[in-house]
Amino acid sequence: MAVLVSVLAFLMTLAGGLAAMRVRDKRHLVLGLAGGLMLGVVAFDLIPESLALSRARPFGVPAPMIGFAVGFLLLHVVEQSVAVHRAHEGEYAPHVHVHAHGHGHGHGTGGAGLLAAFALVGHSLVDGLSIGLGFQSGTQTGAFVALAVVTHDFADGFNTFTAASLGGRNSRSALAVLVADAAAPVAGAALTLIGTVPESVLGPYLGLFAGVLLYLSAAEILPEAHSGHPRVMTLCATGLGLVVVVFSVGLAG
């Protein structure tokens, strides 16, 4: 099941990359919806599920919440340590970093863009692992983890192609990196078929993944969505994402 679902991530990543070549004017609405879906998955599914799976309380703190804080901080530290934040001109007030939500212009950006693109490939491999581990903890959790991954993979595909194209790099090279990024979730999900993970480990892991998703949503996706565009429609798209997750959780429960 996890491998089959990960094929959706493959297709969504490719769709995002193709959109980067053709469609830009509605990207803020797509990212706004993605941010709302990711926030809803964190608040209404991942954190409750992780707390239900793990009763461990090191230092009196639930282990999944320690994982949550570590996941959020880990992504922040990695992003800062890579030190490829750059300001560029453009419609979305872009920036290039480890998750590459930018459209760089200017000199010296090609190497940083390629680094960011390959970082996204590694990130997508972890996404596939997350889908597989999510399904190991339960079908509902796996489905919502997959929803989060598939949702933000559109932005990942968009940004992978954009970053790989920086510095005048030809489209063929950028497409090759995009295909690698799209295939990475399938490979990650397949790796989880080798064995299972105990619930005592799954709880903290889902907490850590929730922290990563919250960082992506709050610090990356939503600021990018609101940059340089009318905010009312983007806010509505984000709210719609939250409502979709709330009703999905309610129906599944």
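Given the structure is predicted, the values throughout are model-derived calculations rather than measurements.

**Regarding the overall build of the protein chain**
- From N to C terminus, the protein chain includes 8 helices and 0 strands.
- Considering the protein chain as a whole, with its 253 residues, one finds that 50% of them fall into the buried category.
- A fraction of 78% describes how many contacts in the protein chain between residues 6 or more apart in sequence connect residues 24 or more apart.
- Accessible surface computed for the protein chain: about 10900 Å², of which carbon and sulfur atoms make up 72%.

**Some details on the nonpolar core**
- Val41, Leu46, Ile131, Phe209 and Leu213 are the most contacted members of the largest nonpolar core, which has 37 residues in total.
- Every element with two or more residues in this core is listed here: helix H1 (2-22), helix H2 (27-53), helix H3 (63-82), helix H4 (110-137), helix H5 (139-164), helix H7 (199-226) and helix H8 (231-252).
- Apart from residues no more than four positions distant in its own chain, Leu46 is found in contact with Val41, Val145, Leu206, Phe209, Ala210 and Leu213.
- Core analysis: the next-biggest nonpolar cluster, separate from the first, contains 7 residues, Val121, Phe161, Ala164 and Val177 among them.

**Notes on H7**
- Spanning 28 residues, H7 covers 38 Å between terminal C-alpha atoms, matching the ideal 40 Å at 1.5 Å per step.
- Along its length, H7 shows its largest kink, about 35 degrees, at Ser217.

**Regarding the UniProt feature "transmembrane region" (unreviewed entry) in the protein chain**
- Under the local residue numbering, the UniProt record ascribes the feature "transmembrane region" (unreviewed entry) to residues 29-47, 59-78, 175-196, 202-222 and 234-252.
- Regarding residues 29-47, the helix share stands at 100% and the strand share at 0%, and the terminal C-alpha atoms are separated by 26 Å.
- Helix makes up 77% of residues 175-196 and strand 0%, whereas the separation of the span's terminal C-alpha atoms amounts to 34 Å.

**A few points about a nonpolar patch on the surface**
- Where nonpolar side chains cluster on the molecular surface, the patch consists of Phe59, Val61, Ile66, Val70, Leu74 and Val78 and spans about 540 Å² of accessible area.
- Looking at the element boundaries, Ile66 is found in helix H3.
- In this structure Ile66 comes out as partly exposed when scored by relative accessible area, which is 30%.

**Points about the side chain of Thr13**
- For Thr13, the position within the fold is in helix H1.
- The exposure class of Thr13 is buried, given its relative accessible area of 0%.
- Non-local contacts of Thr13, meaning those with residues more than four positions away in its chain, are made with Asp153, Gly157, Leu178, Asp181 and Ala182.

**Focus: the environment of Ile131**
- Along the chain, Ile131 falls in helix H4.
- Exposure remark for Ile131: the relative accessible area of 0% places this residue in the buried category.
- Between the alpha carbons of Ile131 and Met1 there is a distance of 9.6 Å; along the sequence they are 130 residues apart.
- Ignoring sequence-local partners within four residues, the contact set of Ile131 consists of Ala2, Val5, Ser6, Val145, Ala146 and Val149.

**Details of the side chain of Thr192**
- In this fold, Thr192 is placed in the loop between helix H6 (171-191) and H7.
- Here Thr192 falls in the buried class, since its relative accessible area comes to 10%.
- A polar atom in the side chain of Thr192 sits 2.6 Å from the backbone oxygen of Ala189.
- For Thr192, the residues in contact, after removing those within four places along its chain, are Leu129, Gly132, Leu133 and Gln136.

**Looking at the packing of aromatic side chains**
- This structure, assessed with the given rule, holds 2 aromatic pairs.
- An angle of 75 degrees between the planes, with centres 5.1 Å apart, marks the rings of Phe72 and Tyr215 as edge-to-face. Separated by 143 residues along the polypeptide, Phe72 in helix H3 and Tyr215 in helix H7 bring together distant segments of the chain.
- Using a relative accessible area of 31% as the deciding quantity, one classes Phe72 as partly exposed.
- By relative accessible area, Tyr215 is classed as buried at 4%.
- For the pair Tyr205 and Phe209, a centre-to-centre distance of 6.4 Å together with 5 degrees between the ring planes defines the contact as stacked.

**Quick word on H6**
- With 21 residues, H6 extends 30 Å from end C-alpha to end C-alpha; this agrees with the ideal 30 Å at 1.5 Å per step.
- Helix geometry: H6 is bent most strongly at Ala183, by close to 30 degrees, with proline Pro185 lying one to four residues after it.
- Those residues of H6 that sit buried are Ala174, Val177, Leu178, Asp181, Ala182, Ala184, Pro185, Gly188 and Ala189.

**Focus on the confidence of the model for the protein chain**
- Residues of the protein chain with pLDDT of at least 70 account for 74%, and the chain-wide mean is 74.
- The secondary-structure element of the protein chain with the lowest mean pLDDT is H4, recorded at 71, while H3 shows the highest, at 84.
- Across residues 83-110, where pLDDT falls below 50, the model places 88 contacts with residues more than four positions away in sequence or in other chains.

Calculation rules
- Residues numbered from 1 in each chain as written.
- Predicted model: local features only at pLDDT ≥ 70, side-chain atom pairs only at ≥ 80, totals over all residues.
- Heavy atoms only, no water.
- Helix = DSSP H or I, 4+ residues; strand = E, 2+ residues; numbered from the N terminus.
- Buried < 20%, exposed > 50% of the residue type's maximum accessible area, 1.4 Å probe, protein only.
- Contact = heavy atoms within 4.5 Å.
- Areas by Shrake-Rupley, 256 points an atom, 1.4 Å probe, with all protein chains shown as cover.
- Core = buried A, V, L, I, M, F, W, Y, C linked by side-chain atoms within 4.5 Å.
- Expected span 1.5 Å × (residues − 1).
- Bend = angle between axes of the 7 residues up to and from the residue.
- UniProt positions renumbered as here; feature names shortened; annotations may be inferred.
- Patch = residues over 30% accessible without salt bridge, like charges linked within 9 Å, V, L, I, M, F, W, Y side chains within 5 Å.
- Salt bridge = Lys/Arg side-chain N within 4 Å of Asp/Glu carboxyl O.
- Polar contact = N/O pair within 3.5 Å; in protein donor to acceptor, adjacent residues only side chain to side chain.
- Phe/Tyr/Trp six-rings, centres within 6.5 Å; stacked < 30°, edge-to-face > 60°.
- pLDDT = per-residue confidence, 0-100.

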